[in-house]
Amino acid sequence: DIERIMGGEFAHASVIEQLVQLTHKNMKLHAKPEALSRTHEDLSHMSTRLIIVWGEDKNVLGFAAYRTNSREGGKQTTFLYELQLAVSARGTKPSLAKALISEVEKWACLLGRGRLMLNVHKTNLLAAGFYEHGCGFSKVCEVEDCIVMEKMCLLEAPAQLLEAQGPSSAAL
């Protein structure tokens, strides 16, 4: 089952707790303790949108947490804060992680915020490779212990091309 929650504050406390536990379990080797201490606050924030995939046993198989109200470099941006999978959901075919990113991308495009950005810890080479080679993200820069990556939404590309060509071609 897939559940979409359009604001973290609407999620039940037990759901947020499952997401926090999964994040802490997955990130204990990569994230600093002070970053992990903000997980609950970030996931339950009113502007955080959640996409959760539930297993038959009612445990979380994976989730994506993102915000569509970011402005990075003056551009409206969707920022992917978390993409986490339970160990049992990794390596599935089709890829659950790619499906979650695709769902985030779809919502971002519908909201007109098709620039997707994320941070990945420098030590998390597996995730960085997945985002770059498996999902089409590109490295933008490095900030402290993170790699900043971005991807433009494919559904938004035609409008951007028309806009770049000027108003006369948009009328065609």
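Criteria and cut-off values
- Residues numbered from 1 in each chain as written.
- Predicted model: local features only at pLDDT ≥ 70, side-chain atom pairs only at ≥ 80, totals over all residues.
- Heavy atoms only, no water.
- Helix = DSSP H or I, 4+ residues; strand = E, 2+ residues; numbered from the N terminus.
- Buried < 20%, exposed > 50% of the residue type's maximum accessible area, 1.4 Å probe, protein only.
- Contact = heavy atoms within 4.5 Å.
- Expected span 1.5 Å × (residues − 1).
- Polar contact = N/O pair within 3.5 Å; in protein donor to acceptor, adjacent residues only side chain to side chain.
- Core = buried A, V, L, I, M, F, W, Y, C linked by side-chain atoms within 4.5 Å.

### A word on the overall build of the protein
Regarding its fold elements, the protein presents seven helices and seven strands. Moving toward the C terminus, one meets the helices and strands of the protein in the order β-α-α-α-β-β-β-α-β-α-β-β-α-α. Looking at the protein residue by residue over its 172 residues, the buried ones come to 44%. In the protein, of all internal contacts separated by at least 6 residues, the share reaching a separation of at least 24 is 59%.

### With respect to unusual backbone geometry
The backbone phi angle of Lys58 is positive, close to 70°, even though this residue is not glycine. Within the secondary structure, Lys58 is located in the loop between β2 (49-54) and β3 (60-72). The phi dihedral of Glu144 falls on the positive side, at around 50°, and the residue is not glycine. As for its position among the elements, Glu144 is in the loop between β6 (138-143) and β7 (146-152).

### A few points about helix α4 (residues 96-110)
The end-to-end C-alpha separation of α4 is 21 Å, in line with the 21 Å expected for 15 residues at 1.5 Å each. Listed as buried for α4 are Leu96, Ala97, Leu100, Ile101, Glu103, Val104, Glu105, Ala108 and Cys109. One side-chain oxygen of the residue at the start of α4 lies 3.4 Å from the amide nitrogen of Ala97, identifying that residue as Ser95. Two residues or fewer after α4 comes Gly112, characterised by a positive phi angle close to 75°.

### Here we look at the nonpolar core
Counting 24 residues, the largest nonpolar core has Leu80, Leu83, Leu100, Val120, Tyr131 and Phe137 as the members making the most contacts within it. Mapped onto this core, the elements with two or more residues apiece are β2, β3, β4 (75-85), α4, β5 (115-121), α5 (125-135) and β7. Top element by residues in this core is α4. It accounts for six residues. Beyond its immediate chain neighbours, meaning those up to four positions away, Leu80 contacts Ala64, Ala65, Tyr66, Ile101, Val104, Met117 and Leu118. If you look at the next biggest cluster of nonpolar residues, it comprises 15 residues, including Ile5, Ala11, Val20 and Ala86.

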